[in-house]
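Now for the letters of each chain:
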Amino acid sequence: MAADSRPTAYIENGKPTGILVDVVTEAFRRSGHSVKIQLMPWARCLAEVRGGKVDGIFSVFRLPEREAFLAYTNVPVITQVEVFFAHADSNIRFDGNLATLANAKIGVILGTSYGPEIDSLLKNGVWRQVTDTNSVESLVAMLSAKRIELAPSYRYVFLDAAKRASAMDKIKELMPPVQSIPSYLAFHKKRDYTQTIAEFDKALGSMKADKSFDAIYSKYLH
């Protein structure tokens, strides 16, 4: 199971496709397994895998609260570059110190982890004006309409959504990036997936060695 977000995992012509869909499908093929991939909002993905209703989830950060119910693979399927986006005419500046953004109106996707640094500020209430939504498309729309001032996001996902919404002229990326975070395939702990994890890691390692992993990325990020 994966979150529905382009270009990593989305529906096209009635079928799941995208960077991570292709990576995970090929890794399972090489390890001798077939896989059925479903796409849902992220909060539901977490709930379904926590309850054991689906076997696995991707891509997911390693977090203490998730380690309690998830068994992670060891080779990341993606490294997520987390950045802030602002409205194109925004005067907000970012120097790498997240605390300087405490008074900004922030938009986030419900149930999504943005890495330990941003998650900590959200959890501790440092940002006092936070709006939850269910999709990156909603974040782009809210930022374009100036209903929020900032949106943290995985760079490729937000830019893809902005392009599809013809909103590239209404948003801008703030530099520097917040951080780059490895993200994994993980399974629920209601069954033992030790062997499957070992086989998946070996297959994914072979994909990185023979450059087919890079080829998948190049296919979607052109």
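Report on the accompanying structure. (Residues numbered from 1 in each chain as written. Predicted model: local features only at pLDDT ≥ 70, side-chain atom pairs only at ≥ 80, totals over all residues. Heavy atoms only, no water.)

### A short note on the pattern of salt bridges
Move 1: Going through the model one piece at a time under the given rule, you end up with 12 salt bridges.
Move 2: Note that Asp210 and Arg30 form a salt bridge whose closest N and O atoms lie 2.9 Å from each other. One end of the pair, Asp210, is in the loop between helix 7 (194-209) and helix 8 (212-220); the other, Arg30, is in helix 1 (residues 19-30), and 180 residues separate them in sequence.
Move 3: Judged by its relative accessible area of 43%, Asp210 is partly exposed.
Move 4: Asp160 is paired through a salt bridge with Arg164; the nearest N and O atoms lie 2.7 Å apart. (Salt bridge = Lys/Arg side-chain N within 4 Å of Asp/Glu carboxyl O. Helix = DSSP H or I, 4+ residues; strand = E, 2+ residues; numbered from the N terminus. Buried < 20%, exposed > 50% of the residue type's maximum accessible area, 1.4 Å probe, protein only.)

### Notes on the packing of helix 1 against helix 7
Move 1: Contact pair helix 1 / helix 7: the axes reach a minimum separation of 8 Å and the direction vectors enclose 110°. Regarding the angle of helix 1 to helix 7, the classification is roughly perpendicular. You can see that helix 1 and helix 7 cross each other, and the crossing is right-handed. Taking contact as the criterion, the partners of Val23, Val24, Glu26, Ala27, Phe28 and Arg30 in helix 1 are, on helix 7, Thr196, Phe200, Ala203, Leu204, Ser206 and Met207.
Move 2: Grouping the amino acids of the contact of helix 1 with helix 7 by side-chain chemistry returns eight nonpolar, two polar and two charged. (Axes fitted to C-alpha atoms, helices over the stretch in contact; angles between N-to-C directions. Parallel < 35°, antiparallel > 145°, perpendicular 65-115°, else oblique. Left-handed = near helix turned anticlockwise from the far one by under 90°. Contact = heavy atoms within 4.5 Å. Nonpolar A, V, L, I, M, F, W, Y, C, P; charged D, E, K, R; others polar.)

### Topic: unusual backbone geometry
Move 1: Following Arg6, the chain continues into Pro7 via a peptide bond in cis, with omega recorded as 0°.
Move 2: Relative to the helices and strands, Pro7 is located in the loop between strand 1 (2-3) and strand 2 (10-12).
Move 3: A positive phi is found at Asn13, a non-glycine position, where the angle reads about 55°.
Move 4: Considering the arrangement of structural elements, one finds Asn13 in the loop between strand 2 and strand 3 (15-17).
Move 5: Residue Asn13 is classed as exposed on the basis of its relative accessible area, which comes to 75%.
Move 6: Within the chain, Ser166 stands out as a residue other than glycine whose phi angle is a positive 55°.
Move 7: When its relative accessible area of 60% is taken as the criterion, Ser166 is described as exposed.

### What to know about the nonpolar core
Move 1: Among the nonpolar cores identified, the biggest contains 61 residues, and Val23, Val77, Phe84, Leu139, Leu150, Phe158 and Phe200 are the most heavily contacted of them.
Move 2: Of the residues forming this core, the biggest block, seven residues, is contributed by helix 1.
Move 3: Once residues within four sequence positions are removed from consideration, Val23 is found in contact with Val77, Leu204, Met207, Phe213, Ile216 and Tyr217.
Move 4: Of all hydrophobic cores here, the second largest spans 15 residues; its members include Ala3, Trp42, Leu46 and Ala186. (Core = buried A, V, L, I, M, F, W, Y, C linked by side-chain atoms within 4.5 Å.)

### Details of the packing of helix 1 against helix 8
Move 1: Packing of helix 1 against helix 8 leaves a shortest axis separation of 9 Å and a crossing angle of 155°. When the axis of helix 1 is compared with that of helix 8, the two are roughly antiparallel. Viewed along their axes, helix 1 and helix 8 form a crossing whose handedness is right-handed. Within the contact between the two elements, helix 1 uses Ile19, Leu20, Asp22, Val23 and Arg30 and helix 8 uses Ser212, Phe213, Ile216, Tyr217, Lys219 and Tyr220.

### Observations concerning the environment of Val49
Move 1: Looking at where Val49 falls in the secondary structure, it is placed in helix 2 (residues 42-50).
Move 2: Overall, the relative accessible area of 0% leaves Val49 in the buried class.
Move 3: As for Val49 and Ala27, which are separated by 22 residues in sequence, their C-alpha atoms are 20 Å apart.
Move 4: Sequence-distant contacts of Val49, defined by excluding residues within four places in its chain, comprise Val54, Asp55, Gly56, Ile57, Phe69, Leu70 and His188.

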